[in-house]
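Listed below are the residues making up each chain.
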Amino acid sequence: MRTRFTIVALTIISTISFTSITQAAGLSVTTAQKFNVNASRLNIAGDVNNAGTLQITTGAINLGGNWTNTGVFLAGSSEVAFKGPAPSTIKGENYFFNFTCTQPGKQLSFEAGKTQTIDGAWTLTGANSGLIVLKSTIAGTQWMVNP
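Residues numbered from 1 in each chain as written. Predicted model: local features only at pLDDT ≥ 70, side-chain atom pairs only at ≥ 80, totals over all residues. Heavy atoms only, no water.

Peer 1: Help me understand the overall build of the protein chain, please; the structure alone is not making it clear to me.
Peer 2: The helix and strand tally for the protein chain stands at 0 helices and 18 strands. A total of 147 residues make up the protein chain; the buried ones form 33% of that total. A separation threshold of at least 6 residues defines the contact pool for the protein chain, and within that pool the share at least 24 residues apart is 23%. Accessible surface, the protein chain as shown: approximately 8700 Å² in total, 54% of it carbon and sulfur. (Helix = DSSP H or I, 4+ residues; strand = E, 2+ residues; numbered from the N terminus. Buried < 20%, exposed > 50% of the residue type's maximum accessible area, 1.4 Å probe, protein only. Contact = heavy atoms within 4.5 Å. Areas by Shrake-Rupley, 256 points an atom, 1.4 Å probe, with all protein chains shown as cover.)

Peer 1: What is the right way to look at unusual backbone geometry in this model?
Peer 2: Negative phi characterises most residues that are not glycine, and trans characterises most peptide bonds. Phi at Ala32 takes a positive value of approximately 75°, unusual for a residue other than glycine. Residue position: Ala32 is located in the loop between β2 (26-29) and β3 (34-36). Note on Ala32: relative accessible area 82%, which makes it exposed. The phi torsion at Asn38 lies on the positive side, around 55°, for a residue other than glycine. Relative to the assigned elements, Asn38 resides in the loop between β3 and β4 (41-44).

Peer 1: Even after reading the chapter, I still don't get the nonpolar core, so can you show me in this structure?
Peer 2: Most often, soluble globular proteins keep nonpolar side chains buried together rather than apart. If you look at the biggest cluster of nonpolar residues, it comprises 24 residues, and the most contacted ones within it are Ile61, Trp67 and Phe82. Listing elements by their share of this core, those giving two or more residues are β2, β4, β7 (60-63), β10 (79-82), β13 (98-101) and β14 (107-110). With residues up to four places along the chain from it excluded, the contact list for Trp67 reads Val48, Leu54, Ile61, Phe73, Val80, Phe82, Thr89, Ile90, Lys91, Asn94 and Phe96. (Core = buried A, V, L, I, M, F, W, Y, C linked by side-chain atoms within 4.5 Å.)

Peer 1: Please explain the environment of Ile56 as it appears in this structure.
Peer 2: Residue position: Ile56 is located in the loop between β6 (53-55) and β7. For Ile56, a relative accessible area of 0% gives the class buried. Taking C-alpha positions, Ile56 is 6.0 Å from Ser78, a pair spaced 22 residues apart along the chain. Non-local contacts of Ile56, meaning those with residues more than four positions away in its chain, are made with Asn36, Val37, Asn38, Ile61, Phe73, Leu74, Ala75, Gly76, Ser77, Ser78 and Val80.

Peer 1: Which parts of the structure should I look at to understand the sheet that holds β3?
Peer 2: To summarise the sheet geometry, strands pair through backbone hydrogen bonds and adopt either a parallel or an antiparallel arrangement. The strand order across the open sheet formed by 3 strands is β3-β6-β9, and the pairing between neighbours is parallel. What marks the edges here is a single partner per strand, and that holds for β3 and β9 (72-74). Neighbour-to-neighbour, the strand axes of the sheet open up by a mean angle of 10°, direction not taken into account. Where β3 and β6 come together, 3 bridges link them in parallel fashion. Within β6, the position partnered with Asn36 by the bridge is Gln55. (Pairing = 2+ DSSP bridges. Axes fitted to C-alpha atoms, helices over the stretch in contact; angles between N-to-C directions.)

Peer 1: Looking at this structure, I do not really get the side chain of Ser109. What am I missing?
Peer 2: Here Ser109 lies in strand β14. Side chain to side chain, Ser109 and Gln107 meet in a polar contact 3.4 Å long. Setting aside residues no more than four positions away along its own chain, Ser109 makes contact with Ser88, Thr89, Ile90, Lys135 and Thr137. (Polar contact = N/O pair within 3.5 Å; in protein donor to acceptor, adjacent residues only side chain to side chain.)

Given below as structure tokens:
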């Protein structure tokens, strides 16, 4: 007598809440995925790659790497802060609420031909001995900011 087994896979969707979390490798939100930071603080040493929906209601992302947005970014009243000494590249058309960089000597490269909209505070604070450098990803081609 043969016995037949049927395996049923269940997917349980739950909400995970955190106050502050550090993710060294980076954050990738793929097409059809949604990631909501809510009111939390997410510290990312690597890159953010968003092709799905990335939402931050009132929280913050502290980013040490690059920012690539080809999906939907819902900034709410949040902050995206570029930290660490390594250069960062910002790609895609983005709507930031608060955009911050207070790392002396930091280089921020913005994708040529794209517009960055900043609805809240645009805070860039370097030092006399370490100015923050803003540049285009293609020399001679403008990027735009709508502060």
